[in-house]
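# Per-entry structural report
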Amino acid sequence: MSVATGNIVIKKVSKSRISEIDFSNLAFGQQFSDHMFVCDYKDGKWQQSQVIPFQNISLSPSSKIFHYGQSIFEGMKAYKNENGETLLFRPLENQKRLNISAKRLAIPEFPEESFMEGLEALLKIDKDWIPTTEGSSLYIRPFMLATGNGFHASPSDEYKFVIATSPSGAYFGGEIKVLIEEKYSRSANGGVGFAKAGGNYAGQFYPTQLAKEKGYQQVIWTDDNTHEYIEEAGAMNIFVRIGDTLLTGPTSDRILDGITRKSIITIAEDEGIKVEVRKIKVSELIEASKKGELKEMFGAGTAAVISPIAGFGHRGEDYDLPEMENSYASRLKKRITDIQYGKTEDKFGWRYPVK
Ligand SMILES: *Cc1c(COP(=O)(O)O)cnc(C)c1O
């Protein structure tokens, strides 16, 4: 049975899988809600939007996604407040960035209204899948892939846009040690580092494996040209506290314009913390560490929110960070998550209730 609501055709599952989920013990991104949003692009336009049961996607072996990697994604979360209302956090930023990524990968853009309409329809149907335990949320994964056929290295003429969701617990536990990477690069000027293109992450796995073999959990990417400046922490933006100043690099072709990053900058300034957005030299971190002025480093992104860094390795030396009372990382994480979960005033107008 299918029904149309607004511009969307909805086909519901005959039986929900929700009773199979242990909501008190959720991993990150391992289980999937009953439904997904899909819309196909063919004959030069986006077709009928649909919400359908979560299911496999069947493709020809000649589909362009398998050969030329035309794929992009987004990452966002839905939260439930104490009254059981569904909240999103700055979702239009994700919608806009999806299209920035699409454009760079020669994928047709998806209309803003259709994105929000599809996302809201999906969240209404699967609202019981939004977990309410501390630190957990419904992780939302919008993505687009090239489904057109043929071995010719050219953009696909057909695409699929999907939004799938996953009830998820907190992303990583504990503090991590990172290795400053000086050989491999995540991104380069003129490249696709600013886009959430699938291939960017494939390229990170091998250097990260090498860092893990040396006892680190993650790498800090440096600029591809000189390797003198830090750029990102794995797939997160990076922040550093030197003295009482909070620093992060400027976004560029190579650094992804994270929504968590820009929210942290706004919140930190609002808290009266001095923030500098400027290039950060590896040598500056080492000098600050030697003088005892390097107080904190952390990664920032939707999945982990803020991921504190306990120390970094560089050219065979390890530099440990001090344990901080009332750290910026913990203060800023509390402030941003309180906004996201609807526990505090939404001074900046970032919450988006799904009604
Ligand atoms: C997604 C992502 C981030 C974080 O962006 P948010 O919008 O905060 O989730 C940072 N760096 C990279 C490389 C990313 O892919």
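The present account deals with the structure reproduced in this document. (Residues numbered from 1 in each chain as written. Predicted model: local features only at pLDDT ≥ 70, side-chain atom pairs only at ≥ 80, totals over all residues. Heavy atoms only, no water.)

### Here's the deal with the site of the ligand
Note the cut-off: Consider each residue's heavy atoms; a residue with any of them within 4 Å of a molecule or strand counts as near. Distance and chemistry together define a polar contact, namely a pair of N or O atoms within 3.5 Å, with one atom able to donate a hydrogen and the other to accept it when in protein, and with adjacent residues in sequence counting only for side-chain atoms on both sides. Exposure was quantified through the Shrake-Rupley algorithm and a 1.4 Å probe, taking into account, for residues, occlusion by the shown protein chains and nothing else.
Around the ligand, 14 residues are found, and the nearest of them are Lys196, Tyr201, Glu232, Thr260 and Thr302. Contact between the ligand and lysine 196: an oxygen atom at 2.8 Å from a side-chain N or O atom of the residue. Isoleucine 259 is positioned such that a nitrogen or oxygen atom in its backbone is 2.8 Å from an oxygen atom of the ligand. Bound to the protein, the ligand loses 96% of the 380 Å² it would expose on its own.

### Remarks on the packing of aromatic side chains
Threshold: Geometry of aromatic contacts follows a simple scheme: Phe, Tyr and Trp rings, the Trp one being its six-membered ring, pair when their centres are within 6.5 Å, and the pair is stacked under 30 degrees between planes, edge-to-face over 60, tilted otherwise. In DSSP terms, a helix is any run of H or I states spanning at least four residues, a strand is any run of E spanning at least two, and both are numbered starting from the N terminus. The rule is simple: take the accessible area with a 1.4 Å probe, protein chains only, and divide by the maximum for that residue type; under 20% is buried, over 50% is exposed, in between is partly exposed.
Following the criterion strictly, the structure yields 17 aromatic pairs and no others. Relative to phenylalanine 110, the ring of phenylalanine 37 has its centre 6.2 Å away and its plane inclined at 75°; by these criteria the two rings are edge-to-face. With phenylalanine 37 in strand S3 (residues 35–42) and phenylalanine 110 in the loop between helix H2 (91–104) and helix H3 (112–125), this pair connects stretches of sequence that are 73 residues apart. Residue phenylalanine 37 is classed as buried on the basis of its relative accessible area, which comes to 0%. Here the aromatic residues Phe37, Tyr41, Trp46, Phe110, Phe115, Tyr159 and Phe161 are joined through ring pairs into a cluster of three or more.

### Focus on the pairing of strand S16 (residues 274–277)
Cut-off, in case you're wondering: At least two bridges found by DSSP between two strands is the condition for calling them paired. Here a crossover is taken to be right-handed if, once the strands point away from the viewer, the path from the first strand over the helix to the second is traced clockwise.
Where strand S15 (residues 245–248) meets S16, four bridges bridge the pair, whose relative direction is parallel. Bridging from a neighbouring strand, leucine 246 pairs with valine 275 of S16. Where the polypeptide runs from S15 across helix H5 (residues 259–270) and back to S16, its parallel neighbour, the crossover connection is right-handed.

### Details of the nonpolar core
We apply this condition: Side-chain atoms within 4.5 Å link the members of a nonpolar core, which is a set of buried Ala, Val, Leu, Ile, Met, Phe, Trp, Tyr and Cys residues. The contact criterion used throughout is that any non-hydrogen atoms of two residues lie within 4.5 Å.
Core analysis: the biggest nonpolar cluster contains 36 residues, and Phe37, Leu119 and Phe161 have the highest contact counts within it. Sorting the residues of this core by element identifies strand S2 (8–11), S3, strand S7 (76–80), H2, H3, strand S9 (137–146) and strand S10 (159–168) as the ones contributing at least two each. The residues touching leucine 119, leaving out its near neighbours within four places in the chain, are Met76, Leu88, Ile140 and Ile163. Residues Ile265, Ile273, Ala329 and Leu332 belong to the second largest nonpolar core, which totals 22 residues.

### Focus on unusual backbone geometry
Peptide bonds are mostly trans, and most non-glycine residues show a negative phi. With a phi close to 50°, aspartate 43 is a non-glycine residue in the positive phi region. Within the element layout of this structure, aspartate 43 appears in the loop between S3 and strand S4 (45–46). Notably, asparagine 326 is not glycine yet its phi reads approximately 50°, a positive angle. Structurally, asparagine 326 can be placed in the loop between strand S20 (317–320) and helix H7 (328–340). Exposure remark for asparagine 326: the relative accessible area of 55% places this residue in the exposed category.

### Some thoughts on empty space enclosed by the protein
Condition: Of the grid points, spaced at 1 Å and generated over the protein atoms alone, those admitting a 1.4 Å probe that cannot get out make up cavities, while open sets with protein on both sides within 12 Å along at least five of seven lines make up pockets; any residue with an atom within 4 Å of a point is treated as lining. Grid points are joined across faces, edges and corners, and a volume is the space filled by probe spheres set on the points. Residues are grouped as follows: Ala, Val, Leu, Ile, Met, Phe, Trp, Tyr, Cys and Pro are nonpolar; Asp, Glu, Lys and Arg are charged; every other residue, Gly included, is polar. For every domain, the bounds stem from an assignment made automatically or drawn from a database.
A full pass over the atoms with the stated rule returns one cavity of 30 Å³ or more. Each pocket or cavity is described by its volume, and for the largest cavity that value is around 110 Å³. Forming the boundary of the largest cavity are Gly75, Met76, Lys77, Tyr79, Leu88, Phe89, Asn94, Ile259, Thr260, Thr302 and Gln340. At the level of elements, S7, strand S8 (86–89) and H5 are the ones that each hand at least two residues to the lining of the largest cavity. Per-element tally for the lining of the largest cavity: the top contributor is S7, with three residues. Residue composition of the lining of the largest cavity, grouped by class: five nonpolar, five polar and one charged. Each of domain 1 (2–168) and domain 2 (176–340) gives at least three residues to the lining of the largest cavity.

### Focus on the packing of H2 against H3
Definition in use: To define axes, lines are fitted to C-alpha atoms, for helices over the stretch in contact only, and angles between the resulting N-to-C directions are given on a 0 to 180 degree scale. An angle below 35 degrees is read as roughly parallel, one above 145 as roughly antiparallel, one from 65 to 115 as roughly perpendicular, and any other as oblique. Crossing handedness: left-handed means the near helix sits turned counterclockwise from the far one by under a right angle, and right-handed means the same turn made clockwise.
Close contact between H2 and H3 brings their axes to 10 Å; oriented N to C, the two are set at 130°. On the basis of the axis angle, H2 is oblique to H3. Note that H2 runs across H3; the crossing there is right-handed. Residues Pro91, Leu92, Gln95 and Leu98 of H2 touch H3, and the partners they reach there are Glu112, Phe115 and Met116. Of the residues assigned to the contact of H2 with H3, the class counts are five nonpolar, one polar and one charged.

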